[in-house]
Amino acid sequence: MARVVVLGIGNVLNSDDGLGPYVARTMQASFDLDGDVEVLDAGTPGMDLLSLLHGAEAAVFVDAVRDAGAPGDVRRYDRENLLQASTRAAMSPHEPGLREALLSLQFRGGGPADVCLWGAIPENLELGTELSGPVRGAIPRLVEGVLAELRRLGIGARPLATPRDPDIWWERRAAP
Amino acid sequence: MSQRITIDPVTRIEGHLRIDVEVEGGKVAKAWSSGTMWRGIENILVGRDPREAWVFAQRICGVCTTVHGIASVRAVENALDLEIPLNAQLIRNLIVIAHALHDHIVHFYQLSALDWVDVVSALKADPVKAASIAQSLSDWPGNSVQEMRSVQGRLKDFVGKGQLGIFTNGYWGHPAMRLPPEVNLLAVAHYLQALDYQRRALQAVAILGSKTPNIQNLAVGGVANAVNLDAASTLNMNRLFEVKSRLEEATRFVQQVYFPDVCAIGGMYADWFKYGAGVRNYMAVPEFPTDAKATKFDAPGGVILNGDLANVKPIADWKDPFFGKNVTEDITRAYYDGSWDKHPYDETTDPKFNAWDPAKKYSWVKAPRFEGRPMQVGPLAQVLVAYARGDALTQKWANRCLEVAGSVAKAKLGPAVLESTLGRIAARAIRAAVISDLAMKHWGLLAENVGKGDTAVYNEPKFPTGTIKGYGVHEAPRGVLSHWVVIENGKLKNYQAVVPSTWNAGPRDGKDQMGPYEASLVGNPVAVPEKPLEALRTIHSFDPCLACAIHAHDAEGKEIAKVKVL
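Computed from a predicted model, the values in this text were never measured in an experiment.

Looking now at the overall build of chain B. When helices and strands are counted, chain B shows 15 helices and 18 strands. By the compact-globule yardstick of 24 Å for 566 residues, chain B fits well, its C-alpha radius of gyration being 23 Å. Reported as C-alpha extents along the three principal axes, the dimensions of chain B are approximately 70 × 60 × 45 Å. For chain B, with 566 residues in total, the buried portion stands at 60%. Restricting the contact set of chain B to residue pairs at least 6 apart, pairs at least 24 apart contribute 74%.

Quick look at the structure:
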């Protein structure tokens, strides 16, 4: 397992909740990363998070987040924010899985010490396969945010000379 | 005086569950189970290529991804009458096996054990005594005195810092918690070990499926794993043996830790074999085919009515019309337009919400019925059907479980006690043990077939003009899963998923018959209405894939408590 994992979290069939997978796939298609790092569209992993975090020293999550603000506003949370027992209202729709995985690892020991989450406030989490305008507009800032975390963790990123189109399969329309 | 307790959504976006119970004289008098979120993801699939449906289907639910992929490809293959190669069946079986082992281990230790195990009480345990109890259950290496001491030390550190972290929401000290401190300590030690072993099972899924939580190796017509024992990027000898090691590790944990723990703890809570039977009609579909044509299965399917094991009716295979013709979904009490009971091929999914009304419509979940009856699905149904049909492996593990639990409880226990809250938890451990035995068998079948030089993994699907229909079944960790497809000129015209938690968590129907969650809660004791631990035990015993929380109300509808359930 890589020393650093970047996990895009969310259900791609719930509109803006597809943000995390979208960002993960955009990064995979756009950058060459140096060092021991893995970028994954993790979907809605639940307890699978324990496996995805196993052996990682640092984890950067990307997700849609529930917080005060306007759709598309970008937020960063650190490990303490994510673990706070008092934040009973979920910050992210997947918060139970994420928080519980971190708490389980905290008790067990051996989880990543360096954890943060970059997210944007969604406009629409209804059934659907497309991001709203404001959330789509937040993607460059989220990518920038993740790259800044990677730089902080000593991981270099070079833009690919010829970036690929990210594979956003859920946005493809049914053929006519 | 009656008090009403409500179980309401927490946060998981995949679907929320709300349970309302009215408590009278320390017991549940009435219960309603409601899905509070519309899924309707089927509508996204209409018009799409049936070959890519499984990729979308895997994202239907955030908790059980793999199982929907499996049911989806089987549905399209069933519509095409397309046989898949033996290797493909076996690779899918191994994925199903590894996923189920992971899922069952997590359910017991991480999602339900703390309804029965008092973590705080473990602080008072004598580690030497805890180790000696653990060693009397099995010769698992993780049962040493050092291990118990180290876990207790870690727990002391944790509690000493003034926060319980992952254990914050438990009902520590609740009168319904009855295990001695030493048993609580060994359970906490195994809780921690389970975190590692569930991961090993999942690694086997990841090797075979390229990735979790959403596997990538499925295809209508087989699997996309190139098989070549000597080539680096394929399913080669090295990877096959890695799968074997992971399955062996998970098997050891199931047989030496999970299964003995459930039997012993079950024996200490034997009165819970009396509560929570609920709907006593059971259904399981055949799983783990051992031939390419899927005519022989290692886990039999069938239907049991009113707990009458002697008259189990077989579901012979994946094409048996006894299953295919008799499934309907009833929306009389669900938030959909109309009031009907229809076969999945003929269903529509037109949402029409009204305020929650227990006398009328009160759930987003439809009510699936078999020959018009509610059915309980899941490991208990599967164990009872297999037991009744004479499956030797199931009888071996079920009898062993009843024997151990009986010797702890000092009572003679027969398979009938499994029809209960505790029985559902025991049946899951029995099923896990059965599947762990099948793990090595199916790995051997695959290795043998590949060793013979058979590397076929895929038969190309060809779609006819005109309309075809089919369904794919899968006996998933939470029970019978079926996907139903109508394909017109190679495009999906209708798609319906009838999922295990729909069978179990569904509402009443046009005949006012309760669903299994609802029926199982009636008569359930609730000692402290503000802390309805006993209701949680019964709901958790079904392994709900929907997150929910409990609100307690009095007869005037005033809320007296709100409790989170995961």
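Structure shown, so let's carry the discussion forward.
Moving on: the packing of helix H6 (residues 145-160) of chain B against helix H7 (residues 181-209) of chain B. Residues and elements named next belong to chain B. Here H6 crosses H7 at 85°, and the two axes come no closer than 9 Å. On the basis of their axis angle, the class for H6 and H7 is roughly perpendicular. Of the residues in H7, those touching H6 at Glu147, Met148, Val151, Gln152 and Leu155 are Leu185, Leu186, Val188, Ala189 and Leu192. Looking at the contact of H6 with H7 residue by residue, the class counts come to eight nonpolar, one polar and one charged.

Residue and element names in this part refer to chain B. Backbone geometry at Asp81 places phi at a positive 55°, although glycine is not the residue there. Position of Asp81 among the secondary structure elements: in the loop between helix H3 (66-80) and helix H4 (86-112). Judged by C-beta crowding, with 9 C-beta atoms within 10 Å, Asp81 ranks as exposed. Phi is positive for Asn306, close to 50°, though the residue is something other than glycine. Mapped onto the elements, Asn306 comes out in the loop between strand S9 (301-304) and strand S10 (313-315). Residue classification places Asn306 among the exposed positions, given that 10 C-beta atoms sit within 10 Å.

Residues and elements named next belong to chain B. On the basis of which strands lie adjacent, the open sheet formed by three strands has the order S12-S11-S13 and antiparallel pairing. Each edge of the open sheet carries a strand with a single partner, namely strand S12 (341-342) and strand S13 (367-370). Alignment of strand S11 (residues 327-330) against S13, held across four bridges, turns out to be antiparallel. Residue pairing across strands places Asp330 opposite Ala367, the latter belonging to S13.

Turning next to the sheet that holds S9 of chain B. All names here are of chain B. Here we have three strands laid out as an open sheet, ordered S6-S9-S10, and antiparallel in their pairing. The sheet is open, and its two borders are formed by strand S6 (282-284) and S10, each paired with just one other strand. Adjacent strand axes in the sheet meet at a mean angle of 20°, parallel and antiparallel pairs treated alike. Where S6 meets S9, three bridges bridge the pair, whose relative direction is antiparallel. Across the sheet, the residue bridging to Ala284 is Gly302, located in S9. The strands that helix H10 (residues 379-388) touches are S6 and S9; relative to S6, the one it contacts most, it runs at about 85°.

Moving on, we get to the pairing of strand S15 (residues 479-488) of chain B. Residues and elements named next belong to chain B. Most of S15 is tucked away, with nine of its 10 residues classed as buried. As paired elements, strand S14 (residues 467-476) and S15 share 10 bridges and run antiparallel to each other. Its bridge partner being in S15, Val473 is matched across the sheet by Ser482. In this antiparallel pair of consecutive strands, S14 and S15, the connection spans two residues. Across seven bridges, the pairing between S15 and strand S16 (residues 491-498) is antiparallel. Bridging from a neighbouring strand, His483 pairs with Ala497 of S16. With antiparallel pairing between neighbouring strands as the criterion, S15 and S16 make up a hairpin whose turn holds two residues, including Asn489 at a positive phi of roughly 50°.

Looking at the secondary structure, you find Ala432 of chain B in helix H12 (residues 421-451). Remark: the alpha-carbon pair of Ala432 of chain B and His540 of chain B, spanning 108 residues in sequence, is separated by 17 Å.

All names here are of chain B. Along its 15 residues, H3 runs 22 Å from first to last C-alpha, staying within 8% of the 21 Å computed at 1.5 Å per residue. The buried fraction of H3 amounts to 15 of the 15 residues, a majority that puts the element mostly inside the structure. At the exit of H3 stands Asp81, carrying a positive phi of roughly 55°.

As a rule of thumb, soluble globular proteins bury nonpolar side chains together. Residue and element names in this part refer to chain B. One finds Ile105 and Ala429 to be the most contacted residues of the largest nonpolar core, which totals 204 residues. Ranked by residue count, the leading element in this core is H7, at 17 residues. Dropping the residues within four chain positions of it, Ala429 is found in contact with Phe108, Tyr258, Phe259, Val262 and Cys401. The next biggest cluster of nonpolar side chains, apart from the first, holds 24 residues, and it includes Ile19, Val21, Ile331 and Tyr335.

Residue and element names in this part refer to chain B. Side chains Val327 and Glu329 of S11 all project onto a buried face; the interleaved residues Thr328 and Asp330 project onto the opposite face, where all are buried too. Note that S11 and S12 share two bridges and pair antiparallel. Among the inter-strand pairings, Asp330 is bridged to a residue of S12, identified as Asp341.

What follows concerns the confidence of the model for chain B. When pLDDT is averaged along chain B, the result is 90, and 92% of the positions lie at 70 or above. Here residues 548-560 of chain B scores under 50 on pLDDT; set against residues more than four positions off or in separate chains, the count is 59 contacts.

The rules we used
- Residues numbered from 1 in each chain as written.
- Chains lettered and ligands numbered in written order.
- Predicted model: local features only at pLDDT ≥ 70, side-chain atom pairs only at ≥ 80, totals over all residues.
- Helix = DSSP H or I, 4+ residues; strand = E, 2+ residues; numbered from the N terminus.
- Rg over C-alpha atoms; globule rule 2.2 N^0.38 Å.
- Buried ≥ 20, exposed ≤ 12 C-beta atoms within 10 Å, placed from the backbone.
- Contact = placed C-beta atoms within 7 Å.
- Axes fitted to C-alpha atoms, helices over the stretch in contact; angles between N-to-C directions.
- Parallel < 35°, antiparallel > 145°, perpendicular 65-115°, else oblique.
- Nonpolar A, V, L, I, M, F, W, Y, C, P; charged D, E, K, R; others polar.
- Pairing = 2+ DSSP bridges.
- Expected span 1.5 Å × (residues − 1).
- Core = buried A, V, L, I, M, F, W, Y, C linked by C-beta atoms within 7 Å.
- pLDDT = per-residue confidence, 0-100.

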